[in-house]
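# Chains, contacts and geometry: an overview
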Amino acid sequence: MLRGILISLLASLLFGYMYYFSTLLKPLSGTDIFGYRMLFTFPFVALSVIMFKQKQALAEHLKRIKKQPLFTLSYITCGALMGYQMWLFLWAPNNGSSLSVSFGYLLLPIVMVAAGRIFFKERISTLKFIAVLIAAIGVISNIILKGGLSWEAIVICVGYTAYFSMRKALKNIDLGAFCLEMISLLPVSVYFALQTDFATVQESNPNIWGLLVLLGLISGAALIAYVIASNMLPMNLLGLLGYVETILMVIISFLIGEEMDADSYPLFICLVLAMSLIIFEGVYKQRAKGTNHVV
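Every value quoted in this text rests on a predicted model; they were computed, and no experiment measured them. (Residues numbered from 1 in each chain as written. Predicted model: local features only at pLDDT ≥ 70, side-chain atom pairs only at ≥ 80, totals over all residues. Heavy atoms only, no water.)

Moving on: helix H5 (residues 98-119). Taking 1.5 Å of rise per residue, the 22 residues of H5 would be expected to cover 32 Å, and the 30 Å separating its terminal C-alpha atoms lies within 8% of that figure. The largest bend along H5 measures about 35° and falls at Leu107, with the proline Pro109 one to four residues further on. Of the residues trailing H5, Lys121 is marked for its positive phi of about 55°. (Helix = DSSP H or I, 4+ residues; strand = E, 2+ residues; numbered from the N terminus. Expected span 1.5 Å × (residues − 1). Bend = angle between axes of the 7 residues up to and from the residue.)

The next point concerns the environment of Asn95. Its place among the elements puts Asn95 in the loop between helix H4 (72-91) and H5. Spatially, the C-alpha atoms of Asn95 and Ser29 are 9.4 Å apart, while their sequence positions differ by 66 residues. At 2.7 Å, the side chain of Asn95 and the backbone oxygen of Trp91 are in polar contact. (Polar contact = N/O pair within 3.5 Å; in protein donor to acceptor, adjacent residues only side chain to side chain.)

For helix H8 (residues 175-194), built from 20 residues, the straight-helix expectation of 28 Å at 1.5 Å per residue is met to within 8% by its first-to-last C-alpha distance of 28 Å. What H8 keeps buried is the set Leu175, Gly176, Ala177, Phe178, Cys179, Leu180, Glu181, Met182, Leu185, Ser189 and Ala193. With a side-chain oxygen lying 3.0 Å from the backbone nitrogen of Gly176, the N-terminal cap of H8 falls on Asp174. (Buried < 20%, exposed > 50% of the residue type's maximum accessible area, 1.4 Å probe, protein only.)

This part is about the environment of Phe71. Structurally, the position occupied by Phe71 is in the loop between helix H3 (55-67) and H4. We classify Phe71 as buried; its relative accessible area is 12%. Between the C-alpha atoms of Phe71 and Phe34, which are 37 residues apart in sequence, the distance is 26 Å. Apart from residues no more than four positions distant in its own chain, Phe71 is found in contact with Arg64, Leu170 and Asn172. (Contact = heavy atoms within 4.5 Å.)

The next subject is the pattern of salt bridges. Taken as a whole and judged by the stated rule, the model has four salt bridges. Measuring nitrogen to oxygen at the nearest pair gives 3.1 Å for the salt bridge that ties Lys146 to Asp261. Taken as a pair, Lys146 in helix H6 (residues 126-146) and Asp261 in the loop between helix H12 (243-255) and helix H13 (265-294) lie far apart in primary sequence, 115 residues in all. You can call Asp261 partly exposed: its relative accessible area is 33%. With a closest N to O distance of 3.0 Å, Glu181 and Arg167 form a salt bridge. Here Glu181 is found in helix H8, whereas its partner Arg167 is found in helix H7 (residues 151-169), with 14 residues between them in sequence. What makes Glu181 buried here is its relative accessible area of 0%. (Salt bridge = Lys/Arg side-chain N within 4 Å of Asp/Glu carboxyl O.)

Quick look at the UniProt feature "domain: EamA" (unreviewed entry) in the protein now. In the numbering adopted here, UniProt assigns the feature "domain: EamA" (unreviewed entry) to residues 3-140. The annotated region residues 3-140 carries 80% helix and 0% strand content, and the separation between its end C-alpha atoms amounts to 41 Å. (UniProt positions renumbered as here; feature names shortened; annotations may be inferred.)

Going from Lys26 to Pro27, the amide bond is cis rather than trans, its omega being 10°. Positionally, Pro27 belongs in the loop between helix H1 (2-21) and helix H2 (30-51). Of note in the backbone geometry, Lys53 takes a positive phi value of approximately 55° without being a glycine. Within the fold, Lys53 resides in the loop between H2 and H3. The phi dihedral of Lys171 is positive, around 60°, even though this residue is not glycine. Counting through the fold element by element, Lys171 comes out in the loop between H7 and H8. Since its relative accessible area comes to 66%, Lys171 is described here as exposed.

The next thing to look at is the packing of aromatic side chains. In the structure shown here, the tally under the stated rule is 19 aromatic pairs. Taking 4.8 Å as the distance between ring centres and 45° as the angle between the ring planes, the aromatic pair formed by Tyr19 and Phe89 counts as tilted. Here the residue Tyr19 occupies a position in helix H1, and Phe89 occupies one in helix H4, the gap between them amounting to 70 residues. Neither residue differs from the other here; Tyr19 and Phe89 are each classed as buried. (Phe/Tyr/Trp six-rings, centres within 6.5 Å; stacked < 30°, edge-to-face > 60°.)

Here Ser219 is to be found in helix H10 (residues 208-232). Using a relative accessible area of 3% as the deciding quantity, one classes Ser219 as buried. Among all residues touching Ser219, those that are not within four sequence positions of it are Met18, Arg37 and Thr41.

Here is the structure:
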């Protein structure tokens, strides 16, 4: 258990550091960085399929596509949803939107809890229900004070919720499906990468090639660490540890010079309270399971 926790924390630290790392890749645009990240990360995804014995799962997806060719659209759609989120993650720190994206990641678990209840009829505990209400108060306050949530936060919440909901509904939740989603993004990634004027970029950032290779290594190592942790830990605990990345994103947003305006404080406080309730409930349940196991 401890080993799985440490590996999960390593994955969160690597993903969190990647949020900052994108600021070192200037003057590349978010689109440029996204293209190269996908190209350098895909070999690690393919390696993960082999390492974690997911070749059979991948083969089953390919058989499904052969029988139902239109099912290819599901992988392309999920790939597009995931790809846009990955692009936004890399674009935000260099465009003054890292706090807005961080808010989106703070709100995302609450939206997913609500979506699970509405679309999949999942039961939610009293604490989770209270957390959803608190988050809703924060969102309403933001609408009153600022006219609405930032588009970045909305894209994170709606996009990722749609992505995970679609994968769950279609039973495409394994690494084989993720590999096919990545493959669907490769043509777009190659196109974006080829648009980069590297002669101009290297004048401003002579180390850009080395940094891009390092980006791929960080992204790939984070992915493999997360998959290893997911195979060692209960899903509830894995989800709780994922908050480490979100907290790091908020901290990094402040470190790179972004500031929170006064009108955003009510939303931020509500989201932190809601997140704290979910973490408290998760920790309590994990301890209860541990006690019952000992008994």
